Amino acid sequence: MNLVSNALEGFSPELYLSALVEVAHSDGLHPTEEVFLKERAESFGLDLNNLPAVPDDLSQLPSSTRIFLYRDALMLAYADGQLSEKEEEHLAQLAQKMSLSEKITSDIKEWINDFSNLLDRMENIIKAVTD
């Protein structure tokens, strides 16, 4: 199974970015979130000011696309160092639109925490070598 090609099948960069924009704006756009969005828009050749509305039902997107979208939305919400109540509400709504279970969203959150811890460990190793 080629996870990357399956994840991209049916992928809509406009819809992906629109969903991320909604999460970022849910509690006011933080500069770190803005950079994240601009980088994503640039990589897809899209204009952040000309995106479609996010439909109420995203459950028909391929499962891997839904997982990657939720993962990136959660990472974006954490970009300013904290997850606000409004961001949590938007993430819950996004998960519902994509028919992602609480178990799946919890697993994604755990994966992000594990990944963050690995990055911290590498940073500590680099600091130890350069000190």
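None of the values given here were measured: they were computed from a predicted structure.

## Considering a nonpolar patch on the surface
Consideration 1: Taken together, the side chains of Met122, Ile125, Ile126 and Val129 present a nonpolar region at the surface, about 410 Å² in accessible area.
Consideration 2: By the secondary structure assignment, Ile126 is in helix α6 (residues 102-130).
Consideration 3: We classify Ile126 as partly exposed; its relative accessible area is 48%.

## Quick word on unusual backbone geometry
Consideration 1: Unusually for a residue other than glycine, Ser99 sits at a positive phi of about 55°.
Consideration 2: Within the secondary structure, Ser99 sits in the loop between α5 (85-97) and α6.
Consideration 3: Note on Ser99: relative accessible area 51%, which makes it exposed.

## Things to note about the packing of helix α2 (residues 13-25) against helix α4 (residues 63-78)
Consideration 1: Running from amino to carboxyl end, α2 crosses α4 at an angle of 30°, the nearest separation of the two axes being 9 Å. It follows from the interaxial angle that α2 and α4 lie roughly parallel. Two packed elements cross with a definite hand, and for α2 against α4 that hand is right-handed. Contacts between α2 and α4 involve Tyr16, Ala19, Leu20, Val23 and Ala24 from the former and Leu69, Asp72, Ala73, Leu76 and Ala77 from the latter.
Consideration 2: Considering only residue class, the contact of α2 with α4 consists of nine nonpolar, no polar and one charged.

## Brief notes about the packing of aromatic side chains
Consideration 1: Taken as a whole, this structure holds two aromatic pairs when the rule is applied.
Consideration 2: Ring centres of Tyr16 and Phe44 lie 5.7 Å apart, and the angle between their planes is 80°; on these two criteria the pair is classed as edge-to-face. You can see Tyr16 sitting in helix α2 and its partner Phe44 sitting in helix α3 (residues 31-44), a full 28 residues away along the chain.
Consideration 3: The class for Phe44 is partly exposed, based on a relative accessible area of 32%.
Consideration 4: Sitting above the plane of the Phe36 ring, Arg40 keeps its charged end 4.1 Å from the centroid.

## Some details on the side chain of Ser26
Consideration 1: Within the secondary structure, Ser26 is located in the loop between α2 and α3.
Consideration 2: Using a relative accessible area of 13% as the deciding quantity, one classes Ser26 as buried.
Consideration 3: Side-chain polar atoms of Ser26 contact the backbone oxygen of Val23, separated by 2.7 Å.
Consideration 4: Among residues more than four places away in sequence, those in contact with Ser26 are Lys86, Glu87 and His90.

Quick notes on the rules
- Residues numbered from 1 in each chain as written.
- Predicted model: local features only at pLDDT ≥ 70, side-chain atom pairs only at ≥ 80, totals over all residues.
- Heavy atoms only, no water.
- Patch = residues over 30% accessible without salt bridge, like charges linked within 9 Å, V, L, I, M, F, W, Y side chains within 5 Å.
- Areas by Shrake-Rupley, 256 points an atom, 1.4 Å probe, with all protein chains shown as cover.
- Salt bridge = Lys/Arg side-chain N within 4 Å of Asp/Glu carboxyl O.
- Helix = DSSP H or I, 4+ residues; strand = E, 2+ residues; numbered from the N terminus.
- Buried < 20%, exposed > 50% of the residue type's maximum accessible area, 1.4 Å probe, protein only.
- Axes fitted to C-alpha atoms, helices over the stretch in contact; angles between N-to-C directions.
- Parallel < 35°, antiparallel > 145°, perpendicular 65-115°, else oblique.
- Left-handed = near helix turned anticlockwise from the far one by under 90°.
- Contact = heavy atoms within 4.5 Å.
- Nonpolar A, V, L, I, M, F, W, Y, C, P; charged D, E, K, R; others polar.
- Phe/Tyr/Trp six-rings, centres within 6.5 Å; stacked < 30°, edge-to-face > 60°.
- Lys NZ or Arg CZ within 6 Å of the ring centre and 35° of its normal.
- Polar contact = N/O pair within 3.5 Å; in protein donor to acceptor, adjacent residues only side chain to side chain.

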